[in-house]
Amino acid sequence: MAYIAAIDQGTTSSRCIVFDQSGGIVSVAQREHRQIFPRPGWVEHDATEIWTNVQAVVRDALAHASLTYADIAAFGITNQRETTVVWDKATGEPVHNAIVWQDTRTDALIKQLGDQDRFRERSGLPLATYFSGPKLRWLLDNVDGLRARAENGEVLFGTMDTWLIWNLTGRHVTDVTNASRTMLMNLETLDWDPELVEAMDVPRGVLPEIRSSSEVYGSYEGVPVASALGDQQAALFGQTCFSPGEGKCTYGTGAFLLVNTGAKPVLSRNGLLTTVGYRIGDEPAAYALEGAVAVTGALVQWFRDKIGLIGSAAEIETLARTVDDNGGAYFVPAFSGLFAPHWRSDARGVIAGLTGYISRGHLARAVLEASAWQTREVVDAMNADAVNAHSAADLTTLRVDGGMTANNLLMQFLSDVLDVPVVRPIVAETTCLGAAYAAGLAVGYWTGTDELKANWHKAAQWEPSMEPAARDRGYRKWKKAVERTVGWMDEDDD
Amino acid sequence: MPGPIQSIQRAAEVLKLLARGGAHQLSVGEIARALGLAKPTVHGILRTLQEVGFVEQEVEGGKYRLGAALFHIGTSYLDGNELRAKALNWSDTLAMRAREAVRIGVMHGRHVLVVHHVFRPDNSRQTLDTGSLLPWHATALGKALVAFGEWPDGDLQRFTRHTLDPEELRAAVDVVRDRDWAYDLHELVEGEASAAAPIRDRRGVVVGAIGVSGPVERLCESPDQPPRLELVSYVREAARSVSRELGGLSW
């Protein structure tokens, strides 16, 4: 019997999950890597450490289930998006630590590049520190001699998918979904855009070849390496959102709502990103609209690590259930500004509505509710864009996944504030599952997307049960709390 | 060697009572009634326990619950929400393999509290029953928990003509302790069966149970036989995987 192994190179750890043909999990292995913070706002990873960990988790996952490489039909790859690494083509040594997606060192460069919407039509993205192109430019400008070496063809650029595929197979390629987050790819041609590349001032020769998300790029230990997808796109794939209008929201460090918009990119008027959802082999690409929320699960972690009222993330539900409501407290976690739909880098977090009545139970509620209200904002933006684009993407149920879906209180509250049923599929690890699916399709392990859709099953469903008046009052208060976060940072703040 | 110290025994009784209540908080009066002690005695015990952080009150003069200090000294207490988070992958996989609904339970007084529920994977209409209570003596989950824990007090309600009487139940629970898995056959609902296995933490203490349930036609070879061994092997494998996740097994 053969299996598919998915490698998930994430922000805090690398994992390998082995799946069987029904999409069931056979084995899991995980290793965390160091978060390097050289200065406030800077976040780096050691790409060599990550490659070592990836090799280890693959070995561990096979060993846990007593499997050998011969039992694996294909490897699939999914990865933290936008994180940027440049390495020496001859030695494979990174020239600098990888610059992580959360890193804000390109702030000045972004301001210098001009209007926020300058590249939106070509790339689908607003100018922000989040994306890879500016990070590559920063390395070229700041690492001694790098620009000359780049122009001589001595170094290569990649996001983490590219870094892994190069190490696994020796090929220098990326997939369309990861390429769509560089701000260098043209959404229509799905190739590097000469104007964007020139505006960012990077040598064309360092960029990888853009391939589909589901094809054999090469092999590792005799096993085909057959997919690459950015983590959020992989979750969309794992949730089998193959038709326009189908979408999902993944709850991890942040929350990412992606809705398939079909064969044409739709530009948002409401603060969403336009991105590539996936591309299977030679088939046309499927595009997606994305609502990216920076801080959801990270707020629970902060509450655990910095406030210390809970010992584990799951205990927040226990604490929150000691009270019946938030007591009037609202927590807007604008820790590094606000992402979608606001895109306000000058915002910082607030807890609003504090009175002497508020207990830690109420705060725990406010922490959880923040994830739901932020989702409501991106869902509203998604529905508004759907109306503008005359598409039928009005969300009538929300498919969710990710670790936070284990939190029943949050899932019920989410259903309450969205006023739609919330559904969790039977594999909460949709990111890995999506990478496995795309790899399995490429090697004929699965016959097609219909077979994958048949694997999708509802594992849990939460129905809305909140009074409309209470929902409206809560949302009004949430919006007032959000208003109080913006404009906090001043020119002379670091 | 002096005899047992009564006040420590009583304090332990108070803590056990609060632990059985889970998230449900108790007043001084409720505790005094449950333990047959005078209110001032209970009040004194609670005040001392509160000083060392073993119990706490949400508001001055309000009800009591277990305190945070207790949770950090390595008791067998495992937060049900924590258990659900750790068990998520393995309960999903069990539901897919068994093609049946999966539940994870912990003891809550005389009942099994459902801390996690995965729908039967057929996309039919089902209702989430996380948070509901099941009778321990008529479910595989309950028998798997009681076999490795305390025998709960109280009457054993008969739900069907197959519900076990106390004597049969004692014998059945002994077998569970031996085999490390449990089943029920028509004992809660006529025509339904369930199978479950215990989940252990790092010290080998049983902290929960995971199992499947459904109609006998699907779970059993024939209506008067225990669930199929193939199904039992899936259940036990899931229990082992969750135990490993909790650090309970080294393999």
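Scoring rules and cut-offs
- Residues numbered from 1 in each chain as written.
- Chains lettered and ligands numbered in written order.
- Predicted model: local features only at pLDDT ≥ 70, side-chain atom pairs only at ≥ 80, totals over all residues.
- Heavy atoms only, no water.
- Helix = DSSP H or I, 4+ residues; strand = E, 2+ residues; numbered from the N terminus.
- Rg over C-alpha atoms; globule rule 2.2 N^0.38 Å.
- Buried < 20%, exposed > 50% of the residue type's maximum accessible area, 1.4 Å probe, protein only.
- Contact = heavy atoms within 4.5 Å.
- Areas by Shrake-Rupley, 256 points an atom, 1.4 Å probe, with all protein chains shown as cover.
- Lys, Arg positive; Asp, Glu negative; His and termini not counted.
- Charge placed at Lys NZ, Arg CZ, Asp CG, Glu CD.
- Pairing = 2+ DSSP bridges.
- Axes fitted to C-alpha atoms, helices over the stretch in contact; angles between N-to-C directions.
- Parallel < 35°, antiparallel > 145°, perpendicular 65-115°, else oblique.
- Nonpolar A, V, L, I, M, F, W, Y, C, P; charged D, E, K, R; others polar.
- Polar contact = N/O pair within 3.5 Å; in protein donor to acceptor, adjacent residues only side chain to side chain.
- Domains from an automatic or database assignment.
- pLDDT = per-residue confidence, 0-100.
- UniProt positions renumbered as here; feature names shortened; annotations may be inferred.

## Here's the deal with the overall build of chain B
Next up, step 1: The secondary structure content of chain B amounts to 9 helices and 8 strands.
Next up, step 2: For a compact globule of 251 residues, the expected C-alpha radius of gyration is about 18 Å, and chain B comes in at 20 Å, within 12% of that figure.
Next up, step 3: Put simply, chain B has 251 residues, and 47% of those count as buried.
Next up, step 4: Sequence-distant contacts in chain B: of pairs separated by 6 or more residues, those separated by 24 or more amount to 54%.
Next up, step 5: By element, 51% of the accessible surface of chain B is carried by carbon and sulfur atoms, the whole surface being about 12,400 Å².

## Focus: the overall build of chain A
Next up, step 1: In terms of helices and strands, chain A carries 16 helices and 21 strands.
Next up, step 2: Its C-alpha radius of gyration of 22 Å places chain A within 12% of the 23 Å reference for a compact globule of 494 residues.
Next up, step 3: Each of the three principal axes of chain A carries a C-alpha extent, and together these read 65 × 55 × 45 Å.
Next up, step 4: When each of the 494 residues of chain A is scored for burial, the buried share is 63%.
Next up, step 5: Pairs at least 24 apart in sequence give 71% of the contacts found in chain A among residues at least 6 apart.
Next up, step 6: Summed over all atoms, the accessible surface of chain A reaches about 17,800 Å², with 47% contributed by carbon and sulfur.
Next up, step 7: When the 43 positive and 62 negative side-chain charges of chain A are each reduced to one mean point, those points stand 4 Å apart.

## Let's talk about the sheet that holds strand E12 (residues 223-230) of chain A
All names here are of chain A.
Next up, step 1: Pairing is mixed in the open sheet, where 6 strands are placed in the order E3-E2-E1-E5-E12-E11. Edge positions in the sheet fall to strand E3 (25-32) and strand E11 (214-220), since each of these pairs with one other strand and no more. Strand-to-strand twist of the sheet, defined as the mean angle between neighbouring strand axes without regard to direction, takes the value 25°.
Next up, step 2: In this structure, strand E5 (residues 72-79) lies alongside E12, joined through 5 bridges in parallel fashion. Bridging across to E12, Ile77 finds its partner in Ala228.

## A few points about the environment of Val175(B)
Next up, step 1: In this fold, Val175(B) is placed in helix H7 (residues 166-179).
Next up, step 2: Sequence spacing of Val175(B) and Ala147(B) is 28 residues, and the spatial spacing of their C-alpha atoms is 8.7 Å.

## Description of the packing of helix H9 (residues 231-238) of chain A against helix H14 (residues 430-442) of chain A
Residues and elements named next belong to chain A.
Next up, step 1: Closest axis-to-axis distance for the H9/H14 pair is 7 Å, and the angle between their directions is 75°. In terms of orientation, H9 and H14 fall into the roughly perpendicular class. Where H9 approaches H14, its residues Asp231, Ala234, Ala235, Phe237 and Gly238 are matched on the opposing element by Thr430, Thr431, Leu433, Gly434, Ala435, Tyr437, Ala438 and Leu441.
Next up, step 2: By residue class, the composition of the contact of H9 with H14 is 8 nonpolar, 4 polar and 1 charged.

## Description of helix H13 (residues 408-418) of chain A
Residue and element names in this part refer to chain A.
Next up, step 1: Extensive coverage of H13 is indicated by the burial of 10 of its 11 residues.
Next up, step 2: Among the residues making up H13, those that are buried are Asn408, Leu409, Leu410, Met411, Phe413, Leu414, Ser415, Asp416, Val417 and Leu418.
Next up, step 3: Measuring from the backbone nitrogen of Leu409 back to the side-chain oxygen at the start of H13 gives 3.2 Å, which picks out Asn407 as the cap.
Next up, step 4: Two residues or fewer after H13 comes Asp419, characterised by a positive phi angle close to 60°.

## Observations concerning the domain arrangement of chain B
Next up, step 1: If you check the domain split of chain B, you get domain 1 (6-75) and domain 2 (78-246).
Next up, step 2: Averaged C-alpha coordinates put domain 1 of chain B and domain 2 of chain B at centres separated by 30 Å.

## A short note on the confidence of the model for chain B
Next up, step 1: Summing up the model confidence of chain B, the mean pLDDT is 88 and the portion of residues at 70 or higher is 93%.
Next up, step 2: For this predicted complex, the interface score ipTM comes out at 0.81, alongside a pTM of 0.82.

## Re the pairing of strand E7 (residues 192-200) of chain B
All names here are of chain B.
Next up, step 1: A large share of E7 lies buried, amounting to 7 of its 9 residues.
Next up, step 2: The pairing of strand E6 (residues 182-185) with E7 spans 4 bridges and is antiparallel. Bridge assignment links Tyr183 to a residue of E7, and that residue is Ala195.
Next up, step 3: Here E6 folds back onto E7 in antiparallel fashion, the turn holding 6 residues, of which His186 has a positive phi close to 60°.
Next up, step 4: Two strands pair when backbone bridges link them, and E7 and strand E8 (residues 206-215) are joined in this way by 9 bridges, in the antiparallel orientation.

## Some thoughts on the UniProt feature "binding site: ADP" (unreviewed entry) in chain A
Next up, step 1: With numbering aligned to this structure, UniProt lists the feature "binding site: ADP" (unreviewed entry) at Thr11(A), Arg15(A), Thr253(A), Gly297(A), Gly403(A) and Asn407(A).
Next up, step 2: Mapped onto the secondary structure, Arg15(A) falls in strand E2 (residues 13-19).
Next up, step 3: In contact with Arg15(A), other than residues within four places in its own chain, are Ala6(A), Ile7(A), Asp8(A), Ala29(A), Gln30(A), Val57(A), Glu429(A) and Cys432(A).
Next up, step 4: Considering the arrangement of structural elements, one finds Asn407(A) in the loop between strand E19 (398-401) and H13.
Next up, step 5: Given the relative accessible area of 9%, Asn407(A) is considered buried.
Next up, step 6: The residues touching Asn407(A), leaving out its near neighbours within four places in the chain, are Ile316(A), Glu317(A), Leu368(A) and Arg84(B).
Next up, step 7: Within the structure, Asn407(A) has its side chain in polar contact with the backbone nitrogen of Leu409(A) (distance 3.2 Å).

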